[in-house]
Amino acid sequence: MQKRKDGRLTTRKLVFLALMVAMNVVLGRLSIQFTQEIRISIVGFLPIAMAAYLMGPTYGAMVGALGDIVNYLLFTHAFGPYFPGYSITAALSGMWYGMVLFDKEITWKRAILAILPVIVIGEMGLNSVWVYILYSKTFWAKLPLRLLTNALEAPLKILLLTGMTRLLNRIPQSHRSL
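The model shown is predicted, which means the values in this text are computed figures rather than measured ones.

Q: Report on the confidence of the model for the protein chain, specifying residues and quantitative values.
A: Looking at the protein chain, pLDDT values average 86 and 89% of them are 70 or higher. When mean pLDDT is compared element by element in the protein chain, helix 4 (residues 84-101) scores highest at 96, while helix 7 (residues 173-176) scores lowest at 66.

Take a look at the structure:
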């Protein structure tokens, strides 16, 4: 699978990135709320992973960070001031997806390698630290709930990631150039 490694930001790339940011915001809102503490959202990561898979770590990080900022501006600004920690987590997730997925064939092992560190380090680790910094809620008190939700989400995210990349690989290379 040969990808064009042109560093220029063309109009086509910019439109694609804007579409991925918009999809990240919309798909991030789709979740299943079990309790106030337990919410499962399994499709919000797909636009970040898609941008990283098709364009690389830098663009994956940009989509992650911008998606988080736009999501804050549209939906969560009423809950308090903007906190850049969540944007850092989203950017690092996009960068990791790009490092693992860009210009590579996606296998089950590679999908697991892409998803699990993002869940363990980003969602369970860094986001728990951000919650502690913002709300003084103890890290260890929140960890069991985070373990439960992420244990439910991980296999679904791995399945969705492999499915998405297989669908993208069906598109002829001549139609995929960004």
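Now, onward.
Q: Quick rundown of the packing of aromatic side chains? Include the residues and the values.
A: The tally for this structure, following the rule as stated, stands at 4 aromatic pairs. Relative to Tyr97, the ring of Phe45 lies with its centre 6.2 Å away and its plane at 50°, an arrangement referred to as tilted. On the criterion of sequence distance, the pair formed by Phe45 in the loop between strand 2 (39-40) and helix 2 (46-55) and Tyr97 in helix 4 is long-range, its members being 52 residues apart. On the basis of relative accessible area, Tyr97 is assigned to the buried category, the value being 2%. Summarising the aromatic geometry, the rings of Phe83 and Tyr86 are spaced 5.9 Å apart at their centres and angled 70° between planes, so their arrangement reads as edge-to-face. Judged by relative accessible area, which is 18%, Phe83 ranks as buried. Site record: aromatic cluster; members linked through ring pairs are Phe83, Tyr86 and Trp130.

Q: Just give me the short version of the layout of surface pockets, but keep the residues and values in it.
A: What the largest pocket holds in volume is close to 2000 Å³. Lining of the largest pocket is provided by 46 residues; of these, Arg39, Asn71, Tyr86, Asn127 and Arg146 occupy positions nearest its centre. Residue assignment for the lining of the largest pocket shows that the elements contributing at least two residues are helix 1 (11-29), helix 3 (57-76), helix 4, helix 5 (108-135) and helix 6 (139-170). Broken down by element, the lining of the largest pocket gets its largest block of residues, 7 residues, from helix 6. Residue composition of the lining of the largest pocket, grouped by class: 19 nonpolar, 17 polar and 10 charged.

Q: Kindly report on the side chain of Thr149, identifying the contributing residues and their values.
A: Structurally, the position occupied by Thr149 is in helix 6. By relative accessible area, which is 9% here, Thr149 ends up buried. Polar side-chain contacts of Thr149 include one of 3.2 Å to the backbone oxygen of Arg146.

Definitions and cut-offs
Residues numbered from 1 in each chain as written. Predicted model: local features only at pLDDT ≥ 70, side-chain atom pairs only at ≥ 80, totals over all residues. Heavy atoms only, no water. pLDDT = per-residue confidence, 0-100. Helix = DSSP H or I, 4+ residues; strand = E, 2+ residues; numbered from the N terminus. Phe/Tyr/Trp six-rings, centres within 6.5 Å; stacked < 30°, edge-to-face > 60°. Buried < 20%, exposed > 50% of the residue type's maximum accessible area, 1.4 Å probe, protein only. 1 Å grid on protein atoms, 1.4 Å probe; cavity = no way out; pocket = protein on both sides within 12 Å on 5 of 7 lines; lining within 4 Å. Points joined across faces, edges and corners; volume = space filled by probe spheres on them. Nonpolar A, V, L, I, M, F, W, Y, C, P; charged D, E, K, R; others polar. Polar contact = N/O pair within 3.5 Å; in protein donor to acceptor, adjacent residues only side chain to side chain.

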